[in-house]
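Observations on the model geometry
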Amino acid sequence: MRKIWLLMTLTALGILLFFTSHRWLAIRSSAVLPSPSSAVRRSPDPAIRYESHSLPQSVVYTLLIPVQGRAQDRYIVTPALSPELDSLAGLTQKYPAPPGATLLSQPGKWHTIAALNGGFFDPVNHKSTSHVTLQGKQLADPRLNQRLIQNPHLAPYLDKILNRSEFRRYQCGQTVRYNIVLHREPPPPGCQLRDALGGGPRLLPQVSSAPEGFLAYANGEVIRDPLRSSQLDARTAVGITRDRSIIWVMVAQKPGAPDTSGMSLQGLAELMQTLGAEKAMNLDGGSSSAFFYQGETFYGKVKEAGQVRRPVKSALLLQELAKPANSSFK
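Residues numbered from 1 in each chain as written. Predicted model: local features only at pLDDT ≥ 70, side-chain atom pairs only at ≥ 80, totals over all residues. Heavy atoms only, no water.

1. So, the layout of surface pockets
Put simply, the rule reads: A cavity here means a set of 1 Å grid points, computed over protein atoms only, where a 1.4 Å probe fits but cannot escape. A pocket is an open set with protein on both sides within 12 Å along at least 5 of 7 lines, and lining residues have an atom within 4 Å of a point. Grid points are joined across faces, edges and corners, and a volume is the space filled by probe spheres set on the points. Secondary structure elements follow DSSP: runs of H or I no shorter than four residues count as helices, runs of E no shorter than two count as strands, and numbering proceeds from the N terminus. Amino acid classes used here: Ala, Val, Leu, Ile, Met, Phe, Trp, Tyr, Cys and Pro are nonpolar; Asp, Glu, Lys and Arg are charged; the rest, including Gly, are polar.
For the largest pocket, the calculated volume is near 640 Å³. Forming the walls of the largest pocket are 26 residues, and the residues nearest its centre are F120, F121, P226, L227 and D284. Broken down by secondary-structure element, the contributors of at least two residues to the lining of the largest pocket are α3 (146–149) and β15 (277–283). Here the lining of the largest pocket is composed, by residue class, of 11 nonpolar, six polar and nine charged.

Here's what the structure looks like:
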């Protein structure tokens, strides 16, 4: 009887511990990412899922984009590069359709329904410091930016800077594939590199700030950290989920709290993982952080005077194939 009583007690304690731990995890998860705002914009296609989440120190905007199966004939995520700095909305108007849309099986008219600010650029000469490739042609090469290449302070990190992470679109026969890899990584066998937008560092599976030249130490102290990695700031990221969908994230600071709101780089990585991303990379953040959806632009950086609306050099565009009137595809 004593053994039976002991077994029943241990079982009861195990059940109690199980439910207590799961309740704690639920509370912790809800604290990280609460239910989306009630002011959710509905996409014409329910497969496109836009949400905004109000956190204690930031507002998070997310967009989940299906790009596999039949959706690859309906949606395309492609970069845009402006000759001069431009607003995010301006980029969507100047680049309404991808040049390679004919590679896809559905003919028709493409239009941009969303955009996310892209890679890094030099605010002085307005040249990109991130690689950008569109339809197999390299449109932006950081090696041609003399202020970058000839900067003596960046010389120790230059090789890493030129081999940072980038978001890619491949054409593999009739299949479109997306990935996040380092710039020098070759395409998979049987695939052609169509588009690429550089950024960095990689956030998932793990943050790679030091290997990509964003973070450096000397004598145990940080001597290089242009992203203010551990500080709260506006952030932008792109990720790929387990089912190969693409997820965009823009983290905005709270109005009136420029010094105490936003998210750290590690916090951004954890957020991307919470949202289901298996691979993810950081994009230009801070004053460049911006997200455009259904005609409205949301900005990430705030100062005492209000939102910072900084023009950008590049972007990621979500483009949709308009259904012909007699079409049956959904």
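2. Observations concerning the environment of W110
Within the fold, W110 resides in strand β4 (residues 110–117). The spacing of W110 and L318 is 208 residues in sequence and 9.9 Å in space, taken between C-alpha atoms.

3. Describing the sheet that holds strand β20 (residues 312–321)
Our working rule: Strand pairing is assigned whenever DSSP detects at least two bridges linking the two strands. Axes here mean lines fitted to C-alpha atoms, for a helix over just the part in contact, with angles spanning 0 to 180 degrees between N-to-C directions.
Read across the open sheet, the five strands follow the order β3-β20-β4-β16-β17; overall the sheet is antiparallel. Only two strands of the sheet have a single neighbouring strand rather than two, namely β3 (75–86) and β17 (296–299). Sheet twist, expressed as the mean angle between neighbouring strand axes with direction ignored, is 25°. Taken together, the four bridges between strand β16 (residues 290–293) and β17 define a ladder with antiparallel strand orientation. Residue pairing across strands places A290 opposite Y299, the latter belonging to β17.

4. A short note on the pattern of salt bridges
Heads up, the condition is: By definition, a salt bridge exists where a carboxyl oxygen of Asp or Glu is found within 4 Å of a side-chain nitrogen of Lys or Arg. Type-normalised accessible area, obtained with a 1.4 Å probe on protein chains alone, sets the label of each residue: buried when under 20%, exposed when over 50%, and partly exposed for intermediate values.
Evaluated as defined, the whole model comprises 10 salt bridges. Measuring nitrogen to oxygen at the nearest pair gives 2.8 Å for the salt bridge that ties R169 to D195. A residue pair is termed long-range when its members are at least 10 positions apart, and R169 in strand β7 (residues 165–172) and D195 in strand β9 (residues 192–198) qualify at 26 residues. On the basis of relative accessible area, D195 is assigned to the buried category, the value being 1%. When salt bridges with common partners are traced through the structure, they connect R228, D233 and K301 into a single cluster.

5. Comments concerning empty space enclosed by the protein
Here the structure, examined in full by the defined rule, presents one cavity of 30 Å³ or more. Approximately 70 Å³ is the volume found for the largest cavity. As for the largest cavity, its lining consists of F120, T129, S130, H131, P142, I161, R164, S165, E166, G198 and G199. The residue inventory of the lining of the largest cavity, partitioned by class, reads three nonpolar, six polar and two charged.

6. Digging into helix α5 (residues 265–274)
All of the buried residues in α5 are L265, G267, L268, A269, L271 and M272. Directly beyond the C-terminal end of α5, a positive phi value near 100° is found at G276.

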